[in-house]
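Residue-level listing of the chains:
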Amino acid sequence: MVLVSGEPKILRDVLLASGRRVKLYRRIVEADGKTFERDLVAFGSSVVIVPVLGDGRIVFVRQWRASIAGWVLELPAGRVEPGEELLEAASRELVEETGFRAGSLRVLGSFYVAPGYSDEVISVVRADGLVEGQSRPEEGEVLRTVFMRPEEYLGLLGKETLDLKSIAGVLLYMSTG
């Protein structure tokens, strides 16, 4: 174990690669008179939405993800674009991916997705008072709407491909009522 007596200091970030949604940096840090490097993915903020129907079911999406070349059953989610407010992004992503509009939105909590290599902070937003409409997925998004109770979703752990942001979102929803 390494104990640090002072606050580590970021000396500089070196841009290694830049994509459409992410940037890869090498961060140079000094701590206790020594320097070290860490690679990090800069992404920013995102939202995951827990859309709750009047009968207690939640609206999920089964989405094909290029990164794993397969389907994932997950909550609607997406990036908070520069200059966009958190709840504005949640409303936009909900409509894009499911077609539902929310009568009310409420932030349940926020957490880092993978602080070992990414700066992404994701906020879990509960959506109530849903009104069904037409979805408008972004180009390249392939998804299907799925309705199920939170317990049913968690019952799929180990049986179907799920993702941690959705598992965390469902658990946070269940714990906050």
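Here the residue numbers are simple positions, counted from 1 along each chain's written sequence. Only residues with pLDDT of at least 70 are given local features in this predicted model, and only at 80 or more are side-chain atom pairs given and counted; all residues enter the totals for whole chains, interfaces and linings. In computing side-chain properties, one takes all heavy atoms of the structure into account and sets aside hydrogens as well as water.

Some points on the sheet that holds strand 5 (residues 58-65)
Rule in force here: The pairing criterion for strands is at least two bridges between them, as found by DSSP. Helix and strand assignments follow DSSP, with helices taken as H or I runs no shorter than four residues and strands as E runs no shorter than two, numbered in order from the N terminus. Lines fitted to C-alpha atoms define the axes here, with helix axes fitted over just the stretch in contact, and angles between the N-to-C directions of these axes take values from 0 to 180 degrees.
Read across the sheet, three strands follow the order 6-5-10 without closing on themselves; strand pairing throughout is antiparallel. With one partner strand each, in any of the chains shown, strand 6 (70-74) and strand 10 (142-148) form the two edges of the open sheet. Each adjacent strand pair in this sheet contributes to an overall mean axis angle of 25°, direction not counted. With seven bridges joining them, strand 5 and strand 10 adopt antiparallel strand pairing. Considered in strand 10, the bridge of Val61 is made with Thr145.

Examining the packing of aromatic side chains
To keep things clear, this is the line we draw: When two rings of Phe, Tyr or Trp (its six-membered ring) have centres within 6.5 Å they constitute a pair, described as stacked for plane angles under 30 degrees, edge-to-face for angles over 60, and tilted for the intermediate range. Residue exposure (1.4 Å probe, protein chains only): buried if accessible area is under 20% of the type maximum, exposed if over 50%, otherwise partly exposed. We call a charge positioned over a ring when the NZ of a Lys or the CZ of an Arg lies within 6 Å of the ring centre and within 35 degrees of the ring normal.
Using the criterion set out here, one finds two aromatic pairs in the structure. Ring geometry for Phe60 and Tyr153: centres 4.4 Å apart, planes at 15°, overall stacked. Of the two residues, Phe60 sits in strand 5 while Tyr153 sits in helix 2 (residues 150-154), which places them 93 residues apart along the sequence. According to the relative accessible area criterion, Phe60 is buried, its value standing at 0%. Classification of Tyr153 by relative accessible area gives buried; the value is 0%. In this structure, Arg79 is placed above the aromatic ring of Phe43, and the distance from its NZ or CZ to the ring centre is 5.0 Å.

Some details on the sheet that holds strand 9 (residues 121-128)
What counts here: Between two residues, a contact is recorded if the distance between any of their heavy atoms is within 4.5 Å.
Pairing is mixed in the open sheet, where four strands are placed in the order 7-4-9-8. At either end of the open sheet lies a strand with only one pairing partner, and these are strand 7 (77-79) and strand 8 (104-112). Averaged over all neighbouring strand pairs, the angle between strand axes comes to 25°, with direction disregarded. Packed onto the sheet, helix 1 (residues 86-98) meets strand 4 (45-51), strand 7, strand 8 and strand 9 and runs at close to 60° relative to strand 4. Where helix 3 (residues 164-176) meets the sheet, its contacts fall on strand 4, strand 7, strand 8 and strand 9, and the angle it forms with strand 8 comes to roughly 120°.

Brief notes about helix 3
To keep things clear, this is the line we draw: In this analysis, the expected span of each helix is defined as 1.5 Å times one less than the number of residues it contains.
If you check helix 3, its first and last C-alpha atoms are 18 Å apart, about what 13 residues at 1.5 Å a residue would give, namely 18 Å. Along helix 3, the residues classified as buried are Lys165, Ser166, Ile167, Gly169, Val170 and Tyr173.

A word on the environment of Val48
Along the chain, Val48 turns up in strand 4. It is 6.9 Å that separates the C-alpha atoms of Val48 and Ile122, two residues lying 74 residues apart in sequence. Look past the residues within four positions of Val48 in its chain and what remains in contact with it is Leu75, Pro76, Ala77, Ile122, Ser123, Val124, Val125 and Lys165.

Overview of the pairing of strand 1 (residues 9-18)
For a regular strand, side chains alternate in direction, first toward one face of the sheet and then toward the other. Where strand 1 lies against strand 2 (residues 23-31), eight bridges are found, and the strand directions are antiparallel. By the bridge assignment for strand 2, Val14 is matched with Arg26. Linking strand 1 to strand 2, which pair antiparallel, is a turn of four residues.

Observations concerning the side chain of Ser123
Relative to the elements of secondary structure, Ser123 occurs in strand 9. When its relative accessible area of 7% is taken as the criterion, Ser123 is described as buried. Those residues in contact with Ser123 that lie beyond four places of it in its chain are Ser46, Val47, Val48, Leu86, Gly109 and Ser110.

Let's talk about the pattern of salt bridges
For clarity, the cut-off: Here, a salt bridge means any side-chain nitrogen of Lys or Arg that lies within 4 Å of a carboxyl oxygen of Asp or Glu.
What the rule picks out here adds up to 12 salt bridges. Across the pair Glu93 and Arg92 runs a salt bridge whose closest N-O atoms are separated by 2.9 Å. Residue Glu93 is classed as buried on the basis of its relative accessible area of 1%. Close ionic contact of Arg92 with Glu96 constitutes a salt bridge, the shortest N to O distance being 3.3 Å. Remark: Glu96 and Arg92 occur in helix 1; sequence separation between them is four residues, near one turn of the helix. Its relative accessible area of 22% is what places Arg92 among the partly exposed residues. Exposure remark for Glu96: the relative accessible area of 13% places this residue in the buried category. Put simply, Arg65, Glu74, Asp163 and Lys165 are held in one network by salt bridges that share partners.

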